[in-house]
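Summary of structural features
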Amino acid sequence: MKKMKYVLVTGGVVSGLGKGVTASSIGLLLKACGLRVTSIKIDPYLNTDAGTMSPFEHGEVFVLDDGGEVDLDLGNYERFLDIKLTRDNNITTGKIYQAVINKERRGDYLGRTVQVVPHITDAIQEWIERVAVIPVDGMPGPADVCVIELGGTIGDIESMPFIEALGQFSYRVGAGNFCLIHVSLVPVLNVVGEQKTKPTQHSVRGLRGLGLTPNILACRSTAALDENVKQKLSQFCHVQAENIVTLYDVPNIWHIPLLLRDQRAHEAILGVLNLNNGNAREPNLVDWTRRAKMCDMLDEQVRIAMVGKYTGLTDAYLSVVKALLHASVNQRKKLAVDWVAATDLEEETAKKNPDAYKAAWKLLKGADGILVPGGFGDRGVQGKILAAKYARENQKPFLGICLGMQIAVIEVARSVLGLHDANSMEFDPETKNPCVIFMPEGSKTHMGGTMRVGSRRTYFKIMDSKSAKLYGSKNFVDERHRHRYEVNPDMVAHLEDAGLSFTGKDESGQRMEIVELPNHPYYIGVQFHPEFKSRPGKPSPLFTGLVAASCGQLDPLLQPHKFPNGVDKSIQKLNFYPNGNAPKLAKLSPDIYSECRIMNY
């Protein structure tokens, strides 16, 4: 049986260096070499998962197929590697301690004193080995390489048990099966204008003092490292100069795998893992390169107003922004997101801060399309309702996600049906016209893990609808959910009388999953979160629809047989063949071939 290979990515000096993107890029590079890759993210916080954490505190909560509420870096892994991870691919201190305490309560330790070493450290290693062999790419059997990212910064107290466990783990799996990549900062002081190596030297010294020795240094800097700086780092950090790469500033993060490839990082990794003996090939990143370069060259803008509660921290809507980017590149448009704080659209702000009120409405009215993402709590809800009303009345393309769908329903109930007190029971439990109600199976006492969360099936009830056509006229679609409240089925008939069309429902027919305004250029609300399954080469259909409608290009997307340059529909299967080697496509010209690859045909 083949041995699993492990690549550990750690960070030093400061947080926020981009370890997640680096780990994702390393995974993509190894996948491009023909290896199967899986990923694990270690978060040293005590929370069991990210589900109860504020987006202001930790960015968005990313949702997996199995309902795992995890760190946003797992979203990066899924997008870059086009894989489906499990909740166990996100390890937290809370999960590990809970597992160990449960074993202690059962008496599994036979009366022994339970300690950080060896019980916690053993649990960490056992967890990694167990999860690393879970297939995540749709193919049977374990992957070849597991990329592990350790959150936080070397020296953090909370990550010490993980450092100790990983030190033991590297010794246990043996040389040739473990590669440590340390991401560190090489700052440039403006006064001197010189790249300073001392922070990285100290970081590596601290890492070595904790029992881990880096094989490769990935240095974050504003520009490529000078050769003398590389030599200095090599000498003082005991890392070969050819194993030191620079992750300098680039126009978009899709260039990071290309940076690593150009600096032959894959050769260094494969050499450490003893995989350069014919098991891997030269990385094939043709499509990825084309997409990254195209993203830089786009100049015709599409402006999308993002009306939300957490607009002060863009990471709170990271997957939504990425899905918009995937869709806009697919439509050959340069994305511009106008962040509109929902509260600034409300009458209260007009009284207290008229300048902010005017600025918010100017952004909303000037945008090509409007998106209202998911959220919790009543702050800014009235502003979101006003945004949905403006989009509905002014024929502005609109996409509402989760709460965004619910407020669209509330707005129609108020404005069209005249039910001025219509509301969600989340915001007014006593409302006489509850358009949105609490899920019957939900818990009102516990916050964590009590929502309808994970992949659920939506059945299209009206095939002649924009949403059904955008999804390829399938009978159903599987998308990821995360919510406690849903549209009240008792009010559906009244809402339909008001012009709404519930085009997608769950298998029972009682849960409303997709709502549309048929006589609107593009007005769609969905209870699920389509952003979580969007990929750079496979953008979410609903986001693609929003961007296309915002550019006046929706009609071609709704025609099932229209393809670039009249290419036959059979090439729609092109992306399903490894390396693009689809049979019977040799006659395609390079231009048509590349266009179809990027357009996902």
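All figures in this text were calculated on a predicted structure; none of them were measured in a lab.

Let us look at the UniProt feature "domain: CTP synthase N-terminal" (unreviewed entry) in the protein. Under the feature "domain: CTP synthase N-terminal" (unreviewed entry), the UniProt entry names residues 5-275. When the span residues 5-275 is considered, its composition is 41% helix and 18% strand, and the gap between its end C-alpha atoms is 9 Å.

Time to look at a nonpolar patch on the surface. A contiguous nonpolar surface patch, about 320 Å² in accessible area, is contributed by Leu-189, Val-191 and Val-192. Structurally, Val-191 can be placed in the loop between β8 (188-189) and β9 (194-195).

Ordered by their spatial adjacency, seven strands build an open sheet running β5-β2-β6-β1-β7-β10-β11, and the pairing between neighbours is parallel. Each end of this open sheet is capped by a strand with a single partner; those strands are β5 (90-92) and β11 (244-248). For this sheet, the mean angle separating the axes of adjacent strands, direction not counted, is 20 degrees. In this sheet, strand β6 (residues 145-150) lies alongside strand β1 (residues 5-11) in parallel orientation, the contact comprising five bridges. Across the sheet, the residue bridging to Leu-8 is Ile-148, located in β6.

All told, the structure shown has 33 salt bridges when counted by the stated rule. Among the ionic pairs, Lys-84 bridges to Asp-65, the shortest N-O distance being 3.7 Å. A residue pair is termed long-range when its members are at least 10 positions apart, and Lys-84 in the loop between α3 (73-81) and β5 and Asp-65 in the loop between β3 (62-63) and β4 (69-70) qualify at 19 residues.

What follows covers the nonpolar core. Ranked by internal contacts, the top residues of the largest apolar core, which has 88 residues, are Val-7, Leu-30, Ile-269, Leu-324, Leu-371, Leu-542 and Phe-543. The dominant element in this core, judged by the number of residues it contributes, is helix α1 (residues 19-32), at seven residues. Setting aside its immediate chain neighbours within four residues, Phe-543 contacts Val-320, Ala-323, Leu-324, Ala-327, Leu-371, Leu-399, Ile-401, Pro-530 and Glu-531. Of all hydrophobic cores here, the second largest spans 44 residues; its members include Ala-367, Ala-388, Cys-435 and Phe-438.

Our next topic: the sheet that holds strand β16 (residues 423-424). Pairing is mixed in the open sheet, where three strands are placed in the order β16-β17-β20. On the outer flanks of this sheet lie β16 and β20 (485-487), each paired with one strand and no other. Relative to β20, strand β17 (residues 434-438) is paired through three bridges, and the arrangement is antiparallel. Note that in β20 the partner of Ile-437 across the bridge is Glu-486. Most of the contacts of helix α16 (residues 403-415) go to β17, to which it runs at about 145 degrees, and overall it touches β16, β17 and β20.

As a further point, take the environment of Lys-474. Along the chain, Lys-474 turns up in the loop between α17 (466-470) and β19 (476-483). For the pair Lys-474 and Met-463, spaced 11 residues apart in sequence, the C-alpha separation works out to 8.2 Å. Other than its neighbours up to four places away in sequence, Lys-474 contacts Phe-460, Met-463 and Ala-468.

This next bit is on α1. If you check α1, its first and last C-alpha atoms are 20 Å apart, about what 14 residues at 1.5 Å a residue would give, namely 20 Å. With 13 of its 14 residues buried, α1 lies for the most part within the structure. A positive backbone phi angle near 95 degrees is found at Gly-34, which sits one or two residues after α1.

Criteria and cut-off values
- Residues numbered from 1 in each chain as written.
- Predicted model: local features only at pLDDT ≥ 70, side-chain atom pairs only at ≥ 80, totals over all residues.
- Heavy atoms only, no water.
- UniProt positions renumbered as here; feature names shortened; annotations may be inferred.
- Helix = DSSP H or I, 4+ residues; strand = E, 2+ residues; numbered from the N terminus.
- Patch = residues over 30% accessible without salt bridge, like charges linked within 9 Å, V, L, I, M, F, W, Y side chains within 5 Å.
- Areas by Shrake-Rupley, 256 points an atom, 1.4 Å probe, with all protein chains shown as cover.
- Salt bridge = Lys/Arg side-chain N within 4 Å of Asp/Glu carboxyl O.
- Pairing = 2+ DSSP bridges.
- Axes fitted to C-alpha atoms, helices over the stretch in contact; angles between N-to-C directions.
- Core = buried A, V, L, I, M, F, W, Y, C linked by side-chain atoms within 4.5 Å.
- Buried < 20%, exposed > 50% of the residue type's maximum accessible area, 1.4 Å probe, protein only.
- Contact = heavy atoms within 4.5 Å.
- Expected span 1.5 Å × (residues − 1).

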